[in-house]
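Listed below are the residues making up each chain.
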Amino acid sequence: MTTENAVYWDPYRPEFWMNPYPVFKRLRQEAPLYRNEQYDFYALSRFSDVERGLTDKDSFSSSRGDILEYIKAQMPRPKGLFIWEDPPLHTVHRGVLSRVFTPRRMNELEGKIRAYCARCLDPLVGAGGFDFVKDLGAEMPMRVIGMLLGIPEEDQVGIREKVDAALRTEAGKPLQASQVRNSGEEFAEYIDWRAKHPSSDLMSDLLQVEFQDETGTRRKLTREEILIFVNLLAGAGNETTTRLIGWTGKVLSEHPGQRAELVENPTLIPNAIEELLRFEPPGPSVARYVMKDVEIHGQTVPAGTAMLLLVAAANRDESRYPDGDRFDIHRKGPPHITFGRGIHACLGAALARIEGRVALDEVLKRFPNWTADLDNAKLSSTSTVRGWDTLPAFTGGGGRNAVRREAAPAATTESAIAQPTAGTEGWELTLSAPMGPQVMTAHIVRNGESFSGTMSSAEMTAQEISGTVSGNTLSWTLPLTKPVAIKLGFEAAIEGDKIAGEVKLGMFGKGALTGKRI
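Residues numbered from 1 in each chain as written. Predicted model: local features only at pLDDT ≥ 70, side-chain atom pairs only at ≥ 80, totals over all residues. Heavy atoms only, no water.

Peer 1: Quick one: what's the story with the sheet that holds strand β7 (residues 286-290), residue by residue and with numbers?
Peer 2: Taken together, the 5 strands give an open sheet; going across it, the order is β1-β2-β10-β7-β3, and neighbouring strands pair in mixed fashion. The sheet terminates laterally at β1 (33-36) and β3 (60-61), the two strands that pair on one side only. With 4 bridges connecting them, β1 and strand β2 (residues 41-44) associate as antiparallel partners. Paired with Tyr-34 across the strands is Ala-43, a residue of β2. (Pairing = 2+ DSSP bridges. Helix = DSSP H or I, 4+ residues; strand = E, 2+ residues; numbered from the N terminus.)

Peer 1: Which residues make up the side chain of Asp-86, and what are the values?
Peer 2: Take Asp-86: it is sitting in the loop between α4 (68-73) and α5 (89-100). Buried and unpaired, Asp-86 has Arg-288 as its nearest opposite-charge partner, separated by 6.6 Å. (Buried < 20%, exposed > 50% of the residue type's maximum accessible area, 1.4 Å probe, protein only. Lys, Arg positive; Asp, Glu negative; His and termini not counted. Salt bridge = Lys/Arg side-chain N within 4 Å of Asp/Glu carboxyl O.)

Peer 1: Kindly report on the environment of Trp-427, identifying the contributing residues and their values.
Peer 2: Considering the arrangement of structural elements, one finds Trp-427 in strand β15 (residues 425-433). On the basis of relative accessible area, Trp-427 is assigned to the buried category, the value being 2%. Sequence-wise, Trp-427 and Lys-498 are 71 residues apart; in three dimensions their C-alpha atoms are separated by 8.9 Å. For Trp-427, the side chain forms a polar contact with the side chain of Glu-425, separated by 3.1 Å. (Polar contact = N/O pair within 3.5 Å; in protein donor to acceptor, adjacent residues only side chain to side chain.)

Peer 1: Go over the pairing of strand β20 (residues 486-495) with me, naming the residues and quoting the values.
Peer 2: Across a regular strand the side chains alternate sides, sitting on one face of the sheet and then on the other. Direction of pairing for strand β19 (residues 473-480) relative to β20: antiparallel, over a ladder of 8 bridges. Bridging from a neighbouring strand, Pro-479 pairs with Lys-487 of β20. Pairing of β20 with strand β21 (residues 498-504), which is carried by 7 bridges, proceeds in the antiparallel orientation. For Glu-495, the partnering residue across the bridge sits in β21 and is Lys-498.

Peer 1: Describe the pattern of salt bridges, naming the residues involved and giving the relevant values.
Peer 2: By the definition in use, this model includes 37 salt bridges. We note a salt bridge from Arg-218 to Glu-210, for which the minimum N-O separation is 3.7 Å. Taking relative accessible area as the criterion, Glu-210 reaches 36% and is therefore assigned partly exposed. The shortest N-O distance in the salt bridge between Glu-425 and Arg-446 comes to 2.6 Å. One end of the pair, Glu-425, is in strand β15; the other, Arg-446, is in strand β16 (residues 436-447), and 21 residues separate them in sequence. A cluster of three or more residues bridged by salt bridges with shared partners is formed by Glu-110, Arg-114, Asp-122, Arg-357, Asp-361, Glu-362, Lys-365 and Arg-366.

Peer 1: How would you sum up unusual backbone geometry? Please name residues and give values.
Peer 2: Cis geometry is found at the peptide bond from Pro-87 to Pro-88, where omega equals 10°. With a phi close to 60°, Asp-40 is a non-glycine residue in the positive phi region. As for its placement among the helices and strands, Asp-40 is situated in the loop between β1 and β2. Asp-40 sits in the partly exposed class, given a relative accessible area of 30%. Its identity as a non-glycine residue notwithstanding, His-297 has a phi of 50°, on the positive side. For His-297, the position within the fold is in the loop between β8 (294-296) and β9 (299-301).

Peer 1: Help me get a handle on the environment of Leu-89, residues and values and all.
Peer 2: Here Leu-89 is to be found in helix α5. For Leu-89, a relative accessible area of 17% corresponds to the buried category. Linking Leu-89 and Asp-213, residues 124 residues apart in sequence, is a C-alpha distance of 7.9 Å. Non-local contacts of Leu-89, meaning those with residues more than four positions away in its chain, are made with Arg-77, Lys-79 and Glu-214. (Contact = heavy atoms within 4.5 Å.)

Peer 1: Can you break down the sheet that holds strand β14 (residues 392-395) residue by residue, with the values?
Peer 2: Strand order in this open sheet of 3 strands is β4-β14-β11, and the pairing throughout is antiparallel. The open sheet has two free edges, formed respectively by β4 (129-131) and β11 (370-372), since each of these has just one partner strand. Pairs of neighbouring strands in the sheet enclose a mean axial angle of 25°, with direction left out of account. Sheet topology note: the β11/β14 ladder contains 3 bridges and is antiparallel. Each bridged residue has a counterpart across the sheet, and for Trp-370 the counterpart in β14 is Thr-395. (Axes fitted to C-alpha atoms, helices over the stretch in contact; angles between N-to-C directions.)

Peer 1: Which residues make up the packing of aromatic side chains, and what are the values?
Peer 2: One pass over the full model with this rule turns up 16 aromatic pairs. Ring centres of Trp-9 and Phe-24 lie 4.9 Å apart, and the angle between their planes is 55°; on these two criteria the pair is classed as tilted. A residue pair is termed long-range when its members are at least 10 positions apart, and Trp-9 in the segment before α1 (14-18) and Phe-24 in helix α2 (residues 21-30) qualify at 15 residues. For the residue pair Trp-9 and Phe-24, the accessibility class agrees, reading buried in each case. Note that Arg-13 overlies the ring of Phe-16, its terminal NZ or CZ placed 4.6 Å from the centroid. Lying across the ring of Trp-370, Arg-259 places its NZ or CZ 4.7 Å from the centre. (Phe/Tyr/Trp six-rings, centres within 6.5 Å; stacked < 30°, edge-to-face > 60°. Lys NZ or Arg CZ within 6 Å of the ring centre and 35° of its normal.)

In short, the description is geometric, and any link to function would need to be established separately.
Right, here's the structure in full:
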């Protein structure tokens, strides 16, 4: 393979994050151990390799952090931040938190989570649409974790905004080490209040719990340790479920048949949440510090380097998940790796699952149909989590098209060019792309050695096209701006009522094109 055709992965390029899966597939196939010279890191993308990276603590350590930029910056590790610790400190600190942050305690929250969802969604019934993130995904998890910790409602939005700001990046640039907020000082006032006025929340429990530390001393947590614990819980409790709810809105908008099954049979919802977590994990990657020279795929990864474990790529590894790029709420088989493995498996996984399940159930009760408005959706700018800042959706039977017809019943320029006229050829085309089959419709009019017309799909409004005719072969290009800016190059030969050829997909390689006359 030549250098110019070699697969390239840059975790800071926004266009990659719009749809990283074609590149992830190439990484699994062509460069399962990937080296990025520009940012000085290695990356693993196959499931077995990522799983090893998460469980082999002697080779891949969390002691320097779990975010690539923080490992590179060699940041100091505050005591008590157990996700940045290895045993024995990790064992001690995680053990303390697991005693108060239990799955049973999370399961007892379901009624309150439903009440928070109802509070968010009921005012939106009949409005014609809502935003999966702004109206629900950013609100309900914030209220739940705020209630667990004992943070007053009037302060919860401010806390969430601080957490979010600590993970934001400028488009195309790494996270800055100066953004890190591990001390939890913004929670100091609440901790001091709870020390004098104990309650039934997690802060009170953390103030009272006793444990044996790594030196064998039996003691309570220090104030600094409690602040770090609370800060960690507030961050994790806000981020993961917010992203999950956003992806729920988008993915089920793109799979209305499966969404209808969930409306008809809500018992499928828990499995649907597992499939959503596999298909679009909120945390697409996690970093580790390489402790010693490690042999991987015939190469030596030297000690002292940073390793990026591509969880999102591993979750679609065909060797573990047949047809891994296909979303299927009925999928059975091995579990995903979204919540990690081994000693650093996500402590809040039970809460995230409950929140995701209840949120989807409550949405479907009120809005059995919706169409995501991707033209006005915005993907977050961050290198640590992947999800939506906004994901507006049209609700009701007609979705986006019905809303537009009500707003502007008269024919528009766009609707005019979308209609075939006399002498028009119609073609139903299927593009076999790395991200899955894409069905499009083309209407063209020939004029000697050239032609013009339109192309459209369920996700794409009618776009004008023009191209050349050479014998029975048509050639044309189609510029796209979403989900990424790319120019598709089509070349296809017509045989009777059939058409076949290929499409150049820019950085994503090539795809086969087939179709029939309509």
